Amino acid sequence: MVTLSDERGQALVIVVLLLGIAAASVVGLRAAQDRIVAAAREQRAGEAAVEAAAASLADAYVAQVAAAGTRAPESPRSTPDLLPRLVADPRVIQAARMAADDVARANDARPTDSLEATCSERRVEARLTLRGYPHRAAFAAPECSRR
Amino acid sequence: MVELALVLPVALLLIAAVLLVAEVGVARLALEHGAAEAARAGALTNDDALVRATAAAAVAPLDSARVAVTIEPAQNAPPRSSAPRGSLVRVELRYVVPLPLGFAGLPRLIVLGKAARRIEWSP
């Protein structure tokens, strides 16, 4: 008790307090960093996943246009309702979701929560959510302006 | 005075630890960003030199000369050498954090950043 009440004891208390603050700072900084880096990684994984989904939709579109060209070589362009049917096809959406999930997993993220595709305003847009964050990617499709 | 002499080295060590943790945090974020940008470049082009240049530019404020870049698969390896569209390209960045007392035999502190993207280009 005597040592805590004289000047030497007070210095010791202050130094111990400062050491505690420094140790707490290290632990707190590390924990905050982990959260920030995890959030950044999820964000990047979501971007990569939605681009993969949009690319998968584009691949399906090109495949269907090519198939239509094979069936009717004189008019290989798509029919006006090809894209709306494409984005409503559960198999196409499932393939896009699998592509997105593959990329999400490769980026150490969880699989996507949801994926939907729309055909409007002259573009096909893929929208997905990953851990609650929405992500979008699109490609130009003039056929979509007809609806 | 005696207490101060006893505690000062520990206090300095903790201050150095705070600074080091902050530096590691900056490196982790920079490497995540750099890896994501490099993977994006790898998804759009079949050019490892461009992927490395993208990584080097994106890891600022880190010294890009200390960042090692690994690209999988390599430019001339399958599937990138044949029909890669739809497969994944992975980029890993590795950075050795310069330690203030590294010369004293402290273990090297290595920070990693990695990212993967679906390859978009076709030959």
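The rules behind the values
Residues numbered from 1 in each chain as written. Chains lettered and ligands numbered in written order. Predicted model: local features only at pLDDT ≥ 70, side-chain atom pairs only at ≥ 80, totals over all residues. Helix = DSSP H or I, 4+ residues; strand = E, 2+ residues; numbered from the N terminus. Buried ≥ 20, exposed ≤ 12 C-beta atoms within 10 Å, placed from the backbone. Contact = placed C-beta atoms within 7 Å. Expected span 1.5 Å × (residues − 1). Pairing = 2+ DSSP bridges. Axes fitted to C-alpha atoms, helices over the stretch in contact; angles between N-to-C directions. pLDDT = per-residue confidence, 0-100. Nonpolar A, V, L, I, M, F, W, Y, C, P; charged D, E, K, R; others polar. Core = buried A, V, L, I, M, F, W, Y, C linked by C-beta atoms within 7 Å.

Engineer: How would you sum up the overall build of chain A? Please name residues and give values.
Structural biologist: Counting its regular elements, chain A contains four helices and three strands. Helices and strands in chain A line up, N terminus first, as α-α-α-α-β-β-β. Out of the 147 residues belonging to chain A, those deemed buried represent 31%. For chain A, contacts bridging at least 24 residues in sequence account for 56% of all contacts bridging at least 6.

Engineer: Quick one: what's the story with helix α4 (residues 90-106) of chain A, residue by residue and with numbers?
Structural biologist: Residues and elements named next belong to chain A. An ideal rise of 1.5 Å per residue puts 24 Å on 17 residues; α4 measures up with 24 Å between its terminal C-alpha atoms. Along α4, the positions that sit buried rather than exposed are Val-92, Ile-93, Ala-96, Arg-97, Ala-99, Ala-100, Asp-101, Val-103, Ala-104 and Ala-106. Count one or two residues on from α4 and you reach Asp-108, which has phi positive near 60 degrees.

Engineer: Explain the sheet that holds strand β3 (residues 133-140) of chain A residue by residue, including any values.
Structural biologist: Residues and elements named next belong to chain A. Strand order in the open sheet formed by three strands is β1-β2-β3, with antiparallel pairing between adjacent strands. One side of each edge strand has no neighbouring strand; the edge strands of this open sheet are β1 (114-120) and β3. Adjacent strand axes in the sheet meet at a mean angle of 20 degrees, parallel and antiparallel pairs treated alike. In the packing of α4 onto the sheet, the strands contacted are β1 and β2 (123-130), and the crossing angle to β1 comes to about 130 degrees.

Engineer: An account of the confidence of the model for chain A is needed here, citing residue identities and associated values.
Structural biologist: Confidence in the prediction of chain A, expressed as mean pLDDT, is 86, and 86% of residues score 70 or more. Here helix α1 (residues 2-5) of chain A stands out as the least confident element of chain A, with mean pLDDT 50; α4(A) is the most confident, with 95.

Engineer: Quick one: what's the story with the pairing of β1(A), residue by residue and with numbers?
Structural biologist: All names here are of chain A. What you see with β1 is a clean split: Leu-115, Ala-117 and Cys-119 sit on the buried side and Ser-114, Glu-116, Thr-118 and Ser-120 on the side with no burial. In this structure, β1 lies alongside β2, joined through seven bridges in antiparallel fashion. Paired with Leu-115 across the strands is Leu-128, a residue of β2. In textbook terms, the turn of a hairpin is the stretch between consecutive antiparallel strands, and for β1 and β2 this stretch comprises two residues, one of which, Glu-121, has a positive phi near 50 degrees.

Engineer: Explain the interface of chain A and chain B residue by residue, including any values.
Structural biologist: When the parts come together, some accessible area is lost, and that loss is often what is quoted as the size of the interface. Facing 28 residues of chain A, the contacting portion of chain B comprises 24 residues. Looking at the side of chain A that touches chain B, the elements that each hand over two or more residues are α2 (7-71) and α4 of chain A. Considering each element in turn, the side of chain A that touches chain B owes the most residues, 23 residues, to α2(A). A class-by-class count of the residues in the side of chain A that touches chain B yields 18 nonpolar, three polar and seven charged.

Engineer: Pulling in residues and values, what's your account of the nonpolar core?
Structural biologist: The biggest cluster of nonpolar side chains holds 59 residues, and the ones touching the most others in it are A:Ala49, A:Ala53, A:Ala100 and B:Val91. The element that contributes the greatest number of residues to this core is α2(A), accounting for eleven residues. Residues in contact with A:Ala53, not counting those within four places in the same chain, are A:Ala96, A:Arg97, A:Ala99, A:Ala100, A:Leu115, A:Ala126, A:Leu128 and A:Ala137.

Engineer: Tell me about the sheet that holds strand β3 (residues 109-118) of chain B, and please be specific about residues and values.
Structural biologist: Ordered by their spatial adjacency, three strands build an open sheet running β1-β2-β3 (chain B), and the pairing between neighbours is antiparallel. The sheet is open, and its two edges are formed by β1 (67-72) and β3 of chain B, each paired on a single side. Sheet twist, expressed as the mean angle between neighbouring strand axes with direction ignored, is 15 degrees. Strand direction decides the pairing type here: β1(B) and strand β2 (residues 88-97) of chain B, joined by six bridges, are antiparallel. Residue pairing for β2(B): B:Thr70 is matched across the bridge by B:Glu92. Across the sheet, α4(A) lies against β2 and β3 of chain B, angled at about 175 degrees from β3(B), the strand it touches most. Strands β1 and β2 of chain B of the sheet are contacted by helix α2 (residues 48-58) of chain B, whose axis makes an angle of about 140 degrees with β1(B).

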